[in-house]
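Working through the structure, step by step
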Amino acid sequence: MAVGSDGLTAYQRKMNSQEKCNNFMRQFRDDESRELKKLTANQFMEVWSHYDADGNGYIEGSELDGFLKEFVSSVNANDAGPEGSDAPHRRMSVSDAMLVELKECFMEAYDDNQDGKIEIRELAQLLPMEENFLLLFRFDNPLESSVEFMKIWKQYDADHNGFIDSVELKNFLRDLLREAKKDQDVSEDKLIEYTDTMLQVFDQNKDGKLQLSEMAKLLPVKENFLCRSVFKVSQGASKLTKEDIERVFALYDRDNNGTIENEELNGFLKDLLELVKKDYDALDLQEFQDAIMRGCDFNKDGKINKKELTMILLALAKHGAEDDMQTGAGMVGNNPLAEIATMGMKALKLQKLRVRHFVNRTLGTNSTS
């Protein structure tokens, strides 16, 4: 039988193509070791797009079951490979019972916000990728607060149009690589590829640019400070104390000048907006700011002082407590920070590391986390 320029016969090419169709993940495993290869930016997007079949930004339900089955069985060299002692790792099948257990472990390890589905940032923690591309996800080094986020937003929204376009995003990614001393490892063509891929990942409305809420997923912060005040009342405290208000005020008044202003105010309003709206842009934030300042900026100086913040926090806490009484959940019940606050960040991180190690060891992935 004739052999082509790729060293394969027509039959072998047909079988390889069929195996790829049968199990999409198999093509990304090393032929000998069966470990996952490092994915390029484009390959990572191929995987994501393949399993996020409905394009809603999550791998969930039957999509997640399909991914896990193929992820495990891709360890096999093929779907009907030889049984025997010389290739025990190539015959891993997935029973219904195994899928349930695997799914539980997988979600515990990688479902960071505990919403029962996998986002693209969470998948990036499982699949081995190019080091420089992996760095751009920043899931191991989130910003301290929304104040810092708004400073970065203002810096890279160079034309002040309320969006981060492809040129501005490329500048941001270049500076991020430079900060990590990785910029010399990335060519201009590669940087363009990374930029295009990041837009594919985070541009949910597909308008070719990032709005505020989309950029906030690319550049996450550790926590929404305002949730702390809602937690206390919703979890049984009778009222906010003076100490609570002082603490929250200090978190936003970063320059200690007695007012929340400029990027501090933008960060505060971003946190406040996120309590009630998931998707938002710069215009939403401006309209929200106008409404809040009309009702709370009593001295009309365009800033928030401690007394004005007190009124906002009291109204916020009251709303949260009323929602608890009416629904039994309130704002906090739908917010993953509530559980993180009770468990403790340190305990959660240690548990995730333990489970990720188990998953990596069981499924033959590279332990790069």
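Residues numbered from 1 in each chain as written. Predicted model: local features only at pLDDT ≥ 70, side-chain atom pairs only at ≥ 80, totals over all residues. Heavy atoms only, no water.

1. Description of the overall build of the protein chain
Of the regular secondary structure elements, the protein chain holds 18 helices and zero strands. Across the protein chain, the fraction of contacts at a sequence separation of at least 24, relative to all contacts at a separation of at least 6, is 62%. Accessible surface for the protein chain amounts to roughly 19,000 Å². Of this, 51% is attributable to carbon and sulfur atoms. (Helix = DSSP H or I, 4+ residues; strand = E, 2+ residues; numbered from the N terminus. Contact = heavy atoms within 4.5 Å. Areas by Shrake-Rupley, 256 points an atom, 1.4 Å probe, with all protein chains shown as cover.)

2. Looking at unusual backbone geometry
Of note in the backbone geometry, Lys-181 takes a positive phi value of approximately 60 degrees without being a glycine. Along the chain, the position of Lys-181 falls in the loop between α8 (166-179) and α9 (188-202).

3. Focus: a negative patch on the surface
There is a patch of like negative charges on the surface, built from Asp-30, Asp-31, Glu-32 and Glu-35. Following the sequence through the fold, Asp-31 ends up in the loop between α1 (10-22) and α2 (41-51). Taking relative accessible area as the criterion, Asp-31 reaches 57% and is therefore assigned exposed. (Patch = residues over 30% accessible without salt bridge, like charges linked within 9 Å, V, L, I, M, F, W, Y side chains within 5 Å. Salt bridge = Lys/Arg side-chain N within 4 Å of Asp/Glu carboxyl O. Lys, Arg positive; Asp, Glu negative; His and termini not counted. Charge placed at Lys NZ, Arg CZ, Asp CG, Glu CD. Buried < 20%, exposed > 50% of the residue type's maximum accessible area, 1.4 Å probe, protein only.)

4. Quick word on the pattern of salt bridges
A side chain of one charge can pair with a side chain of the opposite charge if their charged atoms are brought near each other. If you walk through the whole model with that rule in mind, you get 13 salt bridges. With a closest N to O distance of 3.4 Å, Lys-154 and Glu-263 form a salt bridge. Linking Lys-154 in helix α7 (residues 146-156) with Glu-263 in helix α13 (residues 263-274), this pair joins segments that are 109 residues apart in sequence. On the accessibility criterion, Glu-263 (18% relative accessible area) is buried. Connected through shared salt-bridge partners, Glu-130, Lys-190 and Glu-193 make up one network.

5. Re the confidence of the model for the protein chain
When pLDDT is averaged along the protein chain, the result is 78; 72% of the residues meet or exceed 70. For the protein chain, helix α17 (residues 337-343) is the element with the lowest average pLDDT, namely 29, and α7 is the one with the highest, namely 96. Predicted confidence is poor over residues 11-16, with pLDDT under 50, and the contacts of this stretch with residues over four places away or in other chains come to six contacts. Contacts for the low-pLDDT stretch residues 323-352, under 50 throughout, to residues beyond four places or in other chains number 35 contacts. (pLDDT = per-residue confidence, 0-100.)

6. Things to note about the packing of helix α3 (residues 62-73) against helix α4 (residues 96-110)
Between α3 and α4, whose axes approach to 10 Å, the crossing angle comes to 100 degrees. With respect to α4, the axis of α3 lies roughly perpendicular. Together, Leu-64, Asp-65, Phe-67, Leu-68, Lys-69 and Val-72 of α3 and Met-98, Leu-99, Leu-102, Lys-103, Phe-106 and Met-107 of α4 make up the contact between the two elements. Here the contact of α3 with α4 is composed, by residue class, of nine nonpolar, no polar and three charged. (Axes fitted to C-alpha atoms, helices over the stretch in contact; angles between N-to-C directions. Parallel < 35°, antiparallel > 145°, perpendicular 65-115°, else oblique. Nonpolar A, V, L, I, M, F, W, Y, C, P; charged D, E, K, R; others polar.)

7. Some points on helix α14 (residues 282-296)
For α14, spanning 15 residues, the distance from its first C-alpha to its last is 21 Å, which sits close to the expected 21 Å at 1.5 Å a residue. Among all positions in α14, only Leu-285, Phe-288, Gln-289, Ile-292, Met-293 and Cys-296 are buried. All buried residues of α14 project into a common sector of 125 degrees when viewed along the axis, lining one side. Opposite the buried face of α14, at more than 90 degrees from it, the exposed residues are Leu-283 and Arg-294. For α14, the side-chain oxygen to backbone nitrogen distance between the N-cap and Leu-283 is 3.1 Å, and the N-cap itself is Asp-281. (Expected span 1.5 Å × (residues − 1). Arc of directions from axis to C-beta. Polar contact = N/O pair within 3.5 Å; in protein donor to acceptor, adjacent residues only side chain to side chain.)

8. Section: the packing of aromatic side chains
Here the structure, examined in full by the defined rule, presents 15 aromatic pairs. Arranged with centres 5.1 Å apart and planes meeting at 75 degrees, the rings of Tyr-51 and Phe-67 form a pair that is edge-to-face. Of this pair, Tyr-51 sits in helix α2 while Phe-67 sits in helix α3, placing them 16 residues apart in sequence. Both residues of the pair, Tyr-51 and Phe-67, belong to the buried class. Measuring from centroid to centroid gives 5.6 Å for Phe-225 and Tyr-252, while their planes differ by 75 degrees, and the two rings are edge-to-face. Highlighted residues: Phe-225 in the loop between α10 (212-218) and α11 (226-234) and Tyr-252 in helix α12 (residues 242-252), separated in sequence by 27 residues. (Phe/Tyr/Trp six-rings, centres within 6.5 Å; stacked < 30°, edge-to-face > 60°.)

9. Points about the side chain of Asp-281
As for its placement among the helices and strands, Asp-281 is situated in the loop between α13 and α14. Overall, Asp-281 belongs to the buried group, its relative accessible area being 17%. Within the local environment of Asp-281, its side chain forms a polar contact with the backbone nitrogen of Leu-283, the two atoms lying 3.1 Å apart. Setting aside residues no more than four positions away along its own chain, Asp-281 makes contact with Gln-211 and Leu-212.

10. Quick notes on α9
Between its first and last C-alpha, α9 extends 21 Å over 15 residues, near the 21 Å set by a 1.5 Å rise per residue. Of all the positions in α9, only Leu-191, Glu-193, Tyr-194, Thr-195, Thr-197, Met-198, Leu-199, Val-201 and Phe-202 are classed as buried. The secondary structure elements touched by the buried residues of α9 are α2, α5 (120-123), α6 (131-135), α8 and α10.

11. A short note on the environment of Tyr-280
Here Tyr-280 shows up in the loop between α13 and α14. In this structure, the C-alpha to C-alpha distance between Tyr-280 and Lys-270, residues ten residues apart in sequence, is 9.3 Å. The residues contacting Tyr-280, other than those within four sequence positions of it, are Gln-211, Leu-212, Ser-213, Ala-216, Lys-270, Leu-273 and Glu-274. A polar atom in the side chain of Tyr-280 sits 2.4 Å from the side chain of Glu-274.

12. Description of the side chain of Asp-253
When you line up the elements, Asp-253 lands in the loop between α12 and α13. Within the buried set, Asp-253 has no salt-bridge partner at all; the shortest N-O distance to an opposite charge, 7.1 Å, is to Lys-306. Asp-253 has contacts with Gly-258, Thr-259, Ile-260 and Glu-264, leaving out every residue within four places of it along the chain.

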